[in-house]
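# Chain and residue survey
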Amino acid sequence: MSERDGAALVLFSGGQDSATCLAWALNHYERVETLGFDYGQRHRVELDVRLDFLRALPIAFPEWGRRLGEDHRLDAGVLGQLGATAMTDDIAIEITEAGLPNTFVPGRNLLFFTLAGALAYRRGLRNIIGGMCETDYSGYPDCRDDTLKAQQVALSLGLDRSMVIHTPLMWTDKAGTFALAEELGGASLLDLILEHTHTCYLGDRSTRHEWGYGCGTCPACELRAEGWRRYQAAK
Ligand code: ZN
């Protein structure tokens, strides 16, 4: 494995999925850098929580801590200017006439991977890792395997460098994501994920459930709670 093959960039938002992907990457690569996006999300808690997780991880896992490199944050605020989504505007979550929840930010992952590709190019990295998943992602078209495969080709051609997009969670569900975290880092990693990741669309960190913090009723909380319940039942 060449030096470049031994390093990766993880899209790390501070949620359960990207935290699990970060652990996966630290298990696979000698050096791992992280990237978060500030896109004017309504609930800034995600951006704080991701730093808490990055601080806590090396304490619980010193070996991973030695591999953990720089954390980058890029401004993708242009997404907020596009508006009309429950992720950036103060509107209720509902299903739109396109059959997608209005938490869908059109083109978000396309933009994120373009920016990640540019950063990876600058940092001499060719592996980009994201927590996208077709299984229970509300049908977001930019989380689909085909979309990301096409974007991998576009990035490799457009940057004239072989770029690889890895999506370790593509075919798993939330219960499987909890199980993968346990496989990678045992109960300590599960504890970190429950305590220091955030998924709730409403940004609620006032209530701690057995599956982590959140309002308990938004679609993201329901998915996480149901995943935890099925993961526990399958143990
Ligand atoms: Zn919630």
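Everything numeric in this text was worked out from a predicted model, so none of it was measured. (Residues numbered from 1 in each chain as written. Predicted model: local features only at pLDDT ≥ 70, side-chain atom pairs only at ≥ 80, totals over all residues. Heavy atoms only, no water.)

The coordination sphere of the zinc ion, as far as protein atoms go, consists of C200 (SG), C215 (SG), C218 (SG) and C221 (SG), spread over 2.3 to 2.4 Å. Coordination at the zinc ion is tetrahedral: its four donor atoms span angles of 106 to 116° at the metal. For the zinc ion, the donor residues sit on a single chain with the sequence spacing C-x14-C-x2-C-x2-C. With C200 in the loop between α7 (174-196) and β6 (208-209) and C218 in the loop between β7 (212-213) and α8 (219-234), this residue pair connects regions lying 18 residues apart in the sequence. C200 sits in the buried class, given a relative accessible area of 5%. Of the residues examined, C218 reaches a relative accessible area of 4% and is grouped as buried. (Donors = N, O, S within 2.8 Å, 3.2 Å for Na, K, Ca; no water. Tetrahedral: all angles 85-135°; square planar, octahedral: opposite > 155°, others 65-115°. Helix = DSSP H or I, 4+ residues; strand = E, 2+ residues; numbered from the N terminus. Buried < 20%, exposed > 50% of the residue type's maximum accessible area, 1.4 Å probe, protein only.)

The end-to-end C-alpha distance of α8, which contains 16 residues, comes to 22 Å, matching closely the 22 Å that a straight helix rising 1.5 Å per residue would cover. Looking only at α8, the buried set comprises A220, C221, R224, G227, W228 and Y231. For α8, the buried positions fall inside an angular range of 130° around the axis, keeping them on one side. Along α8, exposed side chains directed more than 90 degrees from the buried face belong to A233 and A234. Those residues of α8 hidden inside the fold are in contact with α1 (16-28), α7 and β7. (Expected span 1.5 Å × (residues − 1). Arc of directions from axis to C-beta. Contact = heavy atoms within 4.5 Å.)

Let us now look at unusual backbone geometry. As a rule of thumb, non-glycine residues mostly have phi less than zero, and peptide bonds are mostly trans rather than cis. With a phi close to 55°, D160 is a non-glycine residue in the positive phi region. Mapping D160 onto the fold places it in the loop between α6 (145-159) and β5 (164-166). On the basis of relative accessibility, which here comes to 71%, the residue D160 falls in the exposed class.

Any functional reading would require information beyond the geometric quantities listed.
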